[in-house]
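# Close look at the chain arrangement
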Number of protein chains: 2
Amino acid sequence: MAQKPLHELTATEIIAGRHSAEAVAQSCLEHIARREPAVQAWQFLNPELVLQQARAIDKRSERGLLQGVPVGIKDIIDTADMPTEYGTPIHAGHRPHMDAACVALTRRAGGLIMGKTVTTEFANRHPGKTMHPMDPKRTPGGSSSGSAAAVGDRMIPLAIGTQTTGSTIRPAAYNGCVGYRPTWGDLRLAGVMEAAGSLDTLGLIARSVEDIVLYRHVLAGEHGAVPALDAGKAPRVAVCRTQFWNDTDAATKAAIEGCAATMAKAGAKVSDLTLPASFDPIEEIHQRISSFEFARNRAWEINHHYERISKTLRENRLKHGLAYTFEQYRGARADGEKLRLQLDDVFRDYDIILTPSAPGVPPVGLNATGSAAFSSIWTLGHTPSVTLPLYSGEQGLPVGVQLVARRDRDHALFEAALWTMRAHGR
Amino acid sequence: MAQKPLHELTATEIIAGRHSAEAVAQSCLEHIARREPAVQAWQFLNPELVLQQARAIDKRSERGLLQGVPVGIKDIIDTADMPTEYGTPIHAGHRPHMDAACVALTRRAGGLIMGKTVTTEFANRHPGKTMHPMDPKRTPGGSSSGSAAAVGDRMIPLAIGTQTTGSTIRPAAYNGCVGYRPTWGDLRLAGVMEAAGSLDTLGLIARSVEDIVLYRHVLAGEHGAVPALDAGKAPRVAVCRTQFWNDTDAATKAAIEGCAATMAKAGAKVSDLTLPASFDPIEEIHQRISSFEFARNRAWEINHHYERISKTLRENRLKHGLAYTFEQYRGARADGEKLRLQLDDVFRDYDIILTPSAPGVPPVGLNATGSAAFSSIWTLGHTPSVTLPLYSGEQGLPVGVQLVARRDRDHALFEAALWTMRAHGR
């Protein structure tokens, strides 16, 4: 018997324990019933549909890699049996006729789709209803707000979010989760609302590095055993404080310095890295690309429902995005590609960059979702990154540390992440 | 009064003539009524809905860039007022709840969505019902079969297709159209079924280069005047016969040699180009990437409707795609990126590559859609290309010539295309 209640188990523990999908789902539902009034992580959750799925999974003759694991799906990702509303009243009640590729791959592996987690409006900045599980006056982060809050609050072990700027890493860090943004292009986005295709990726949120490795394997459509992680080799680490360092709170500065010291003590070669001046306009480049694409992707909503789009979205991203010319967009895209090649060069000397996941603990105020400054570089860089829940700040609120690897080195990133957890005795 | 019937006008001519949307639509509908039994270009066409739209367009206070121009939409592209069936009975009757970005941008510019054009199954190889307008025993090409046949047969002046291998260039060439595949990433694909995102682009089909320039401008979401083309400067041309040259018919060989000679005579610097041996495995690289992604994107259909997928698709692309590991896929993606950088180098010495659009005239037989050999290189290369309807073969069937430019040089490609038309007295 597990000591912990089933809803607190990680995916890996659920599978190792061969728990029935129904028992796990029941435990999660009970915890959700207790906690949802204070957290509001779910846009759609039907307990009856959850239990039906669970019983069907328990009857399958073959056990899948995610057998009986409850998963939350960000509400910009299509589900055939649940509404998908993109965080806007414009699409209230919309029910897709098929599952997104990532949802179908999850179900094929025996995963249980628990429900749809709250997203900001169109995965942009205008917040949904979710509150931080530890303090209802604070934001859970965005745009994958509900996914991160639900995993952090032990409602579910795994969730899918997305990231176009910092929409997975930031909320995962705020909620004490492990968050993962894959190398751009690795995991299919069919059936996921496009925010800005040149930057969009899925984002995975869990409570252990092993769970992230497992779920990535499933979503890549792999068949064999989950690849083993070798956490024995100390990485070469570059501490990158970035141009946003002065905006970080004391807990974040302490987390990065503490993590660097712990890694060095455990045998890592740790150096400081200052990015070249060419990285200074990174937010402007990211903003041009994402706003240009976002504004065109919302053409139908602009044609038919402009007044129902939030003022924030209309007056910022849409206004800017619509004003950019194609030549300005193309220029920004070329600048982005140059920075990617420069980042590849940086990684000749380092395995991992250590950098904040966010400027600080989740801020007070529910009308915004915090700053994505510490993600836009790596998102534009198409690099994989994880946030690890290793530190905390005021009120015990979580402070994550972010590890970034070279494009295509997701597996090395996972090994370094596990090594870092071990170095912290976790 | 135009000498030609309205349905034969190009988009540019419709706009210049300030024809009413209703009159143009009526003419197109009458021609379609005559010809559709022999061509079968349309998956969905409702004359009443067309005329309703036309009247609404005629009432708009501002004239758009595509004012009153009828457009055909490939049936893998979402439309809110018409079904979208992806060329498969699995999705029969499916009606999306919103328009794809490209459809919404078309409507915003005053374009009239005529109907949905026939696609092969999931924009892959299994053919739809469309026949070649000049010979019902021959294929119109695929996968944008209906889009190309409808434009070639003067049912509509403009259509959107897509290209993942050769699905726009080949059918456009077979049907005597101008076809255009943009630089990968330029035009948004939100609301378009993903075949293989690393390769997918929209494809535009028209009867003049000017119409392509106009429509690209609209779909890029540009606001200003359509950019003017300077067709005065002779391009530096590389004739690239490729490793597939021996598979071409006599008419295709004659078209390429004839085009090269005409271009040289008109003042172009024309040289022969042999691609390095690194390009030899191009089809294998393309196949790995496209099959890996395609098979994962169809996860929902595989889960729920495997037996309703055509045998061709199951036993070829899906079987191979599912068998590839992520490491094999990643290797192919890296190979593709290397070839793209090599192609960039090739274009230091040339403005334009001249190459066949297809191995020959549209082949006899309706159970296949012809060879994409002459497109896979450039599709993988992410380069823009056009096919120009300048030659013909047996029975007067069209033979296109393909011009390819460096990534991001779509405007230079259009100027070279117009220059080439002029050099041929067109």
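How each quantity is defined
Residues numbered from 1 in each chain as written. Chains lettered and ligands numbered in written order. Predicted model: local features only at pLDDT ≥ 70, side-chain atom pairs only at ≥ 80, totals over all residues. Heavy atoms only, no water. Contact = heavy atoms within 4.5 Å. Buried area = accessible area lost by both parts, 1.4 Å probe. Salt bridge = Lys/Arg side-chain N within 4 Å of Asp/Glu carboxyl O. Pairing = 2+ DSSP bridges. Helix = DSSP H or I, 4+ residues; strand = E, 2+ residues; numbered from the N terminus. Axes fitted to C-alpha atoms, helices over the stretch in contact; angles between N-to-C directions. Phe/Tyr/Trp six-rings, centres within 6.5 Å; stacked < 30°, edge-to-face > 60°. Buried < 20%, exposed > 50% of the residue type's maximum accessible area, 1.4 Å probe, protein only. Lys NZ or Arg CZ within 6 Å of the ring centre and 35° of its normal.

Contacts between the two partners involve 45 residues from chain A and, on the opposite side, 46 residues from chain B. In this assembly, chain A packs against chain B so that about 3,700 Å² is buried in total across both faces, 49% of it on carbon and sulfur atoms. Three residues, His97(A), Arg188(A) and Trp300(A), lead the burial of chain A against chain B; their summed loss comes to 18% of the area buried on that side. If you look at where chain A meets chain B, you find 8 salt bridges. A salt bridge links Arg188(A) to Glu293(B), with the nearest nitrogen and oxygen atoms 3.3 Å apart.

A few words on the sheet that holds strand S8 (residues 269-272) of chain A. Residue and element names in this part refer to chain A. Reading across the sheet, the 11 strands line up as S1-S3-S2-S4-S6-S5-S10-S11-S9-S7-S8 and stay open at both edges, with mixed pairing between neighbours. Two strands close off the open sheet at either side, each with one partner strand: strand S1 (42-44) and S8. Between one strand and the next, the sheet's axes are offset by a mean angle of 30 degrees, whatever the strand orientation. One ladder, built from 3 bridges, connects strand S5 (residues 178-181) with strand S10 (residues 385-392); its direction is antiparallel. Directly across from Gly179, in S10, lies its bridge partner Thr387. The strands that helix H4 (residues 101-108) touches are strand S2 (70-74), strand S3 (112-117), strand S4 (158-163) and strand S6 (201-206); relative to S3, the one it contacts most, it runs at about 150 degrees.

Moving on to the packing of aromatic side chains. All names here are of chain A. In this structure the tally under the stated criterion is 13 aromatic pairs over all chains. With centroids separated by 5.9 Å and ring planes inclined at 80 degrees, the aromatic side chains of Phe244 and Phe374 adopt a geometry described as edge-to-face. Of this pair, Phe244 sits in the loop between strand S7 (236-239) and helix H8 (250-265) while Phe374 sits in helix H13 (residues 373-380), and the two are 130 residues apart along the sequence. For the pair Phe244 and Phe374, a shared accessibility class is recorded, and that class is buried. Taken together, the ring pairs connect Phe292, Phe326 and Tyr329 into an aromatic cluster. Positioned over the ring face of Trp245 is Arg241, at 5.6 Å from the centre of the ring.

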